[in-house]
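Tertiary structure, described
Single-letter residue listing:
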4 protein chains.
Amino acid sequence: MAARDEVVLTGWRAKGHEIIFESDTRAGKAFDVGLILAILTSIVVVMLESVESIRQEHGVLLTGAEWAFTLLFTVEYLLRLMCVTRPVRYARSFFGIVDLLAILPTYVSVLVPGTQALAVIRTLRILRVFRVLKLANYVRESETMVRALAASRRKIEVFVSAVLMLVVIFGSLMYLIEGPENGFTSIPRGIYWAIVTLTTVGYGDIAPQTNLGQAVSAMIMILGYGIIAVPTGIVSVQFARAEREAMHERGVSGQACPGCGAGGHAGDAEYCRLCGGRM
Amino acid sequence: MAARDEVVLTGWRAKGHEIIFESDTRAGKAFDVGLILAILTSIVVVMLESVESIRQEHGVLLTGAEWAFTLLFTVEYLLRLMCVTRPVRYARSFFGIVDLLAILPTYVSVLVPGTQALAVIRTLRILRVFRVLKLANYVRESETMVRALAASRRKIEVFVSAVLMLVVIFGSLMYLIEGPENGFTSIPRGIYWAIVTLTTVGYGDIAPQTNLGQAVSAMIMILGYGIIAVPTGIVSVQFARAEREAMHERGVSGQACPGCGAGGHAGDAEYCRLCGGRM
Amino acid sequence: MAARDEVVLTGWRAKGHEIIFESDTRAGKAFDVGLILAILTSIVVVMLESVESIRQEHGVLLTGAEWAFTLLFTVEYLLRLMCVTRPVRYARSFFGIVDLLAILPTYVSVLVPGTQALAVIRTLRILRVFRVLKLANYVRESETMVRALAASRRKIEVFVSAVLMLVVIFGSLMYLIEGPENGFTSIPRGIYWAIVTLTTVGYGDIAPQTNLGQAVSAMIMILGYGIIAVPTGIVSVQFARAEREAMHERGVSGQACPGCGAGGHAGDAEYCRLCGGRM
Amino acid sequence: MAARDEVVLTGWRAKGHEIIFESDTRAGKAFDVGLILAILTSIVVVMLESVESIRQEHGVLLTGAEWAFTLLFTVEYLLRLMCVTRPVRYARSFFGIVDLLAILPTYVSVLVPGTQALAVIRTLRILRVFRVLKLANYVRESETMVRALAASRRKIEVFVSAVLMLVVIFGSLMYLIEGPENGFTSIPRGIYWAIVTLTTVGYGDIAPQTNLGQAVSAMIMILGYGIIAVPTGIVSVQFARAEREAMHERGVSGQACPGCGAGGHAGDAEYCRLCGGRM
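Residues numbered from 1 in each chain as written. Chains lettered and ligands numbered in written order. Predicted model: local features only at pLDDT ≥ 70, side-chain atom pairs only at ≥ 80, totals over all residues. Heavy atoms only, no water.

1. Details of the overall build of chain A
- Helix and strand counts for chain A come out as 13 helices and zero strands.
- Counting from the amino terminus, helix and strand elements in chain A follow one another as α-α-α-α-α-α-α-α-α-α-α-α-α.
- Buried residues in chain A amount to 42% of all 279 residues.
- Of all intrachain contacts in chain A linking residues separated by at least 6 positions in sequence, the fraction that spans at least 24 positions is 53%.
- Counting only carbon and sulfur atoms, one obtains 65% of the accessible surface of chain A, whose full area is about 14200 Å². (Helix = DSSP H or I, 4+ residues; strand = E, 2+ residues; numbered from the N terminus. Buried < 20%, exposed > 50% of the residue type's maximum accessible area, 1.4 Å probe, protein only. Contact = heavy atoms within 4.5 Å. Areas by Shrake-Rupley, 256 points an atom, 1.4 Å probe, with all protein chains shown as cover.)

What follows is the structure in structure tokens.
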């Protein structure tokens, strides 16, 4: 079925695909750099607009920039749809949806009457920040690091599960001990407090007041201080393994000496270091 | 004595033991999955009931769910007792007690008159969250990690002792320096503050006010920032060792000496290191 | 000169030295355990006495315990002085001074008239908590860990210097940016805030209010979040080296094969793994 | 061109260069120690002057010290300019500018009338703290550590970028969820909060109030608690590599092949791995 659907792009659509989706050519690179700048600037605009004082002073300018970026991203979105062989698949992908959500609110805001609804819709434009994730594609190292993290995914899951178990138990205990009169109004709030404490964030908006509560929370703190070592240990070992594998590939020849069969030669070895035979 | 006591389970009790305590069979797996879901849901119910607004709105529903889970867990508890050869031993085990505490409060709440006592008993149902620990049995990796932590247990104990010594000394010093008028009402409270600070939680409910106090607490902070490296170092080395041992087992030749049968030879061994025979 | 001063202890003083300063004999071990318990209990007594409500209720009991421990420690102090060959040297050592400071305040409190001065002297008894450091002598592992830390002492010093440099610069900057009206009343206070922030403690008693101040402090936070990796890296490497050295001692023979000269044999090797010659 | 510009210093200027810029001679070492002490003392003076109470009491003394240090540093600055072959290059270098900024404000404060402007200029003297960076030159280890950090610079950049992406997204989300009424007055403020939370600083000046906000921030906290492992892993691996390389250099044979002169042979090499000649 996959083969049957395959449409070969020709003419300007092939050219467009090359520019928009690839970055080998000069035009493709220019497009990428331009897009990154546009995304970053549009995010700054949304940020600035959220600041009350700036919105009141430079409102017109920001609205203009807003519309300029919306039109630009609309053109980009349509071009992307036209330059892929399977537009629906793109539209349904994560970045397809993010691209659509980045432009939709501005258009909807024109159609909808009433200032209240408008305010809600305007805030939705903030979803545009998710486009920032596109930048990750341009950083080669991120792939290596994500791979290293993915390799220790199972261990991280176990660790997070253990942390969740701990915060559920300690959060419930503290709800029992401190009670609603000291800010622990419910078990979920107790769990929120336990997370704030175990991760050593410690806002202080909810803090134990009773002696027993302070003793128990001292335990959680020392526990949290100690188990932070676990993810660190996991990741360190994983990074060390990746390093070792890379070194192994570079440094040590896989060749064995034809004379004496000894291995472990340096990558540039031409003679066996043990018997002197030619390799 | 152990042999004398041994009772062989037969008939439905043997079948029940297989389903409840083992997870090799189809029925055993289904039971496990069902139980996990029931435990998680019952914990969510207890959590929701602790939220004032939800309790008032959906009180009847929550009470119904409460009784349903209590009956379910009662059946499970009785089945467990009947399907082991030594019921008393199970009843006295950690999970036996947790299972009992998970169902008892609901029953007791019927017998006890008066709303005040009732409130206390109801909160005891929260102890049910300890059942969440049962989930740990189903995660294979947790065993490896617990083993790695157990191997460095002695070092962790030493570290925790050192931390306790530090907080006792610094907590007392700060009680002397700051005094009750700045929130350090007693030495135990000073120690609580020292733990909050050393572990970098930093609630801010108690904070040094005097210049000397701030200078001393700056020292504790830098100390705490530095010695967090110690548990991390311990666990990292432990994880690295576990990794190396696993690698070593793979790296070591699987061959046994044909002469003396000794194993554990290096991968490049051509002669047995114990008897000198050709391999 | 050292030889000239040497006095050989005889009779009961030799016996006392054996019991008090050594822990090889039965009596020596019993003395050590008793002393540890006495120190811990006396510290708990001082702690409890610092709690207002407990002092008012059990005042007489605590005073009695106070005097009992003071007399006990006085006897111990005198015995120590008598059972060493150089009493002055002991009296001037760290633990000699701590031992004296632990008993002196109780005696002085009798001589001094007036309740005000009395309160000051009483609080000095808290210095007794330093005796807790004696416990460190009984933990063998602590020595290994202290040695590992001492080996990386130079690196830790450099790290702490770098941290101090950073907090001086950022603390001064924030004093310029935020000024006294936002809680940054002086440069030392700014430095205190920078330490609180860089070490991720974050009390919140002083927090940046201006936009620029919040931007700069965001930088410090990310910096602090990142450079915590440095002490961890130092200690991890140090622990790994200690581990490797221990393994090396155990695992790998220092012997080279007399036949072919190859090294790196397992500790139990009797024949060279490469040429088969007897080792 | 470089050769054409080269001016050879002679006479007292050569001598001065030796003393001021080098530390091999006796005079050079004395100058360095004196300068370090002067810098540290002058920074303490600036710090003390920022404390209101100390300024009022010891104002005259501090002003005197201020002028003494300004004159001293002026002499040092002029000597540095005279004792280098390219004064302009020095004046434009980082430390040249810092040296100038350290003395300028005191002189300007005489010329400028009006107390308001004076206060601004006085605070600029705080820039003198940047001179503290000069101390880094005297610590040999700092170079090794900076090199280790520089080697993993690319990975740290990727990590910081990922952190920035996360705080932008979470900060915007929380602005949407919590809104200005709960302290999240704008997206930049939301990002500031996200940084405070992710780095586990947790001031508590802005804290989520709504249930959804607390749930989302619990996610950020666990995320922040986990990804602190990433820089730690990077730095640990880097330190371990530096360690290994140092060890390797020792482990590698110092011998050069007598045939082809190549070095860097393994410790157990008997034949040159490049030309096969006997070593």
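Additional details are given in the paragraphs that follow.
2. With respect to helix α11 (residues 187-198) of chain D
- Compared with an ideal rise of 1.5 Å per residue, which puts 12 residues at 16 Å, α11(D) spans 16 Å between its outermost C-alpha atoms and is within 8% of the ideal.
- For α11(D), the set of buried residues is Ile187(D), Gly190(D), Ile191(D), Tyr192(D), Trp193(D), Ala194(D), Ile195(D), Val196(D), Thr197(D) and Leu198(D).
- On its buried face, α11(D) is in contact with α3 (26-50) of chain A, α12 (211-227) of chain C together with α10 (153-178) and α12 (211-227) of chain D.
- Positive phi appears at Thr200(D), one or two residues downstream of α11(D), with a value of about 60°. (Expected span 1.5 Å × (residues − 1).)

3. Some thoughts on the confidence of the model for chain A
Residues and elements named next belong to chain A.
- The pLDDT averaged across chain A works out to 78; a share of 77% of its residues lies at or above 70.
- Averaged over each element, pLDDT in chain A is lowest for helix α1 (residues 2-5) (45) and highest for helix α11 (residues 187-198) (92).
- A low-confidence stretch, residues 1-5 (pLDDT under 50), is modelled with two contacts involving residues beyond four sequence positions or located in other chains.
- Under a pLDDT of 50 for its full length, residues 252-256 has, in the predicted model, 14 contacts with residues more than four places off or in other chains. (pLDDT = per-residue confidence, 0-100.)

4. Focus on the packing of helix α11 (residues 187-198) of chain C against α12(C)
All names here are of chain C.
- At their nearest, the axes of α11 and α12 sit 8 Å apart, and the two run at 50° to each other. The pairing of α11 with α12 is recorded here as oblique in orientation. Every residue of α12 that contacts α11 at Trp-193, Thr-197 and Leu-198 is listed here: Ser-217, Ile-220, Met-221, Gly-224 and Ile-227.
- Along the lines of polarity and charge, the residues of the contact of α11 with α12 split into five nonpolar, three polar and no charged. (Axes fitted to C-alpha atoms, helices over the stretch in contact; angles between N-to-C directions. Parallel < 35°, antiparallel > 145°, perpendicular 65-115°, else oblique. Nonpolar A, V, L, I, M, F, W, Y, C, P; charged D, E, K, R; others polar.)

5. Considering the domain arrangement of chain A
- We note that the domain assignment places domain 1 (11-134) and domain 2 (151-246) within chain A.
- The straight-line distance from the C-alpha centre of domain 1 of chain A to that of domain 2 of chain A is 39 Å. (Domains from an automatic or database assignment.)

6. Focus: the pattern of salt bridges
- Counted according to the given criterion, the structure contains eight salt bridges over all chains.
- With a shortest N-O distance of 2.7 Å, Arg80(B) and Glu76(B) are connected by a salt bridge. Pair noted here: Arg80(B) and Glu76(B) are both in helix α5 (residues 59-82), with a separation of four residues, about one helical turn. Glu76(B) shares its class with Arg80(B); the two are buried.
- Ionic pairing is found between Arg55(D) and Glu52(D), a salt bridge with its closest N-O pair at 2.9 Å. Taken together, the positions of Arg55(D) and Glu52(D), both in helix α4 (residues 52-57) and three residues apart, correspond to about one turn of that helix.
- By relative accessible area, which is 28% here, Arg55(D) ends up partly exposed.
- Residue classification places Glu52(D) among the partly exposed residues on the basis of a relative accessible area of 44%. (Salt bridge = Lys/Arg side-chain N within 4 Å of Asp/Glu carboxyl O.)

7. Examining the side chain of Asp99(B)
All names here are of chain B.
- Looking at where Asp-99 falls in the secondary structure, it is placed in helix α7 (residues 94-111).
- Looking at Asp-99, its side chain comes within polar contact range of the side chain of Tyr-90, at 2.5 Å.
- Once residues lying within four places of it in the same chain are set aside, the contact partners of Asp-99 are Glu-76, Tyr-77, Arg-80, Tyr-90, Arg-131 and Lys-134. (Polar contact = N/O pair within 3.5 Å; in protein donor to acceptor, adjacent residues only side chain to side chain.)

8. Observations regarding a nonpolar patch on the surface
Residues and elements named next belong to chain C.
- Taken together, Trp-67, Leu-71, Val-110 and Leu-111 make up a surface patch of nonpolar side chains, about 420 Å² in accessible area.
- When residues of the nonpolar patch are traced back to their parent elements, those giving at least two are α5 (59-82) and α7 (94-111).
- With respect to the element layout, Leu-111 can be found in helix α7. (Patch = residues over 30% accessible without salt bridge, like charges linked within 9 Å, V, L, I, M, F, W, Y side chains within 5 Å.)

9. Regarding the side chain of Thr74(D)
Residue and element names in this part refer to chain D.
- In this fold, Thr-74 is placed in helix α5 (residues 59-82).
- Judged by its relative accessible area of 15%, Thr-74 falls in the buried class.
- Discounting residues that sit within four places of it in the chain, Thr-74 has contacts with Ile-103 and Tyr-107.

10. Examining the packing of aromatic side chains
- Applying the stated criterion to the full structure yields 24 aromatic pairs over all chains.
- Geometrically, the ring pair formed by Trp67(A) and Tyr107(A) is edge-to-face, given 5.8 Å between the ring centres and 70° between the ring planes. Taken together, the residues Trp67(A) in helix α5 (residues 59-82) and Tyr107(A) in helix α7 (residues 94-111) connect sequence positions 40 residues apart.
- For Tyr107(A), a relative accessible area of 29% puts it in the partly exposed group.
- Both rings, one in Phe159(A) and one in Tyr225(D), keep their centres 6.4 Å apart while their planes meet at 15°; by these two values the pair is stacked. With one member in each of two chains, Phe159(A) in helix α10 (residues 153-178) and Tyr225(D) in helix α12 form a pair that bridges those chains.
- Using a relative accessible area of 9% as the deciding quantity, one classes Phe159(A) as buried.
- Assessed through its relative accessible area of 2%, Tyr225(D) is described here as buried. (Phe/Tyr/Trp six-rings, centres within 6.5 Å; stacked < 30°, edge-to-face > 60°.)

11. Focus on unusual backbone geometry
- Phi at Thr200(A) is positive, roughly 60°, even though this residue is not glycine.
- In this structure, Thr200(A) sits in the loop between α11 and α12 (211-227).

12. A few points about the packing of helix α2 (residues 11-21) of chain C against α5(C)
Residues and elements named next belong to chain C.
- α5 packs onto α2 with a crossing angle of 120° between their chain directions and a minimal axis gap of 9 Å. Regarding the angle of α2 to α5, the classification is oblique. Remark: the crossing between α2 and α5 carries left-handed chirality. The segment α2 lies against α5, with Trp-12, Arg-13, Ile-20 and Phe-21 engaging Leu-79, Arg-80 and Met-82. (Left-handed = near helix turned anticlockwise from the far one by under 90°.)

13. Remarks on helix α3 (residues 26-50) of chain B
- The terminal C-alpha atoms of α3(B) lie 37 Å apart, and with 25 residues this matches the ideal 36 Å at 1.5 Å per residue to within 8%.
- Three or more residues of α3(B) are buried, namely Gly28(B), Asp32(B), Leu35(B), Ala38(B), Ile39(B), Ser42(B), Ile43(B), Val45(B), Val46(B), Met47(B), Glu49(B) and Ser50(B).

14. Comments concerning the environment of Leu9(D)
All names here are of chain D.
- Within the fold, Leu-9 resides in the loop between α1 (2-5) and α2 (11-21).
- Through-space distance from the C-alpha of Leu-9 to that of Ala-162 is 51 Å; in sequence the pair is 153 residues apart.
- If near-sequence neighbours (up to four positions away) are discounted, Leu-9 is found in contact with Ala-14, His-17, Cys-83, Val-84 and Thr-85.

15. Side note on the environment of Leu37(A)
- Turning to its location among the elements, Leu37(A) is positioned in helix α3.
- For the pair Leu37(A) and Ala68(A), spaced 31 residues apart in sequence, the C-alpha to C-alpha distance is 14 Å.

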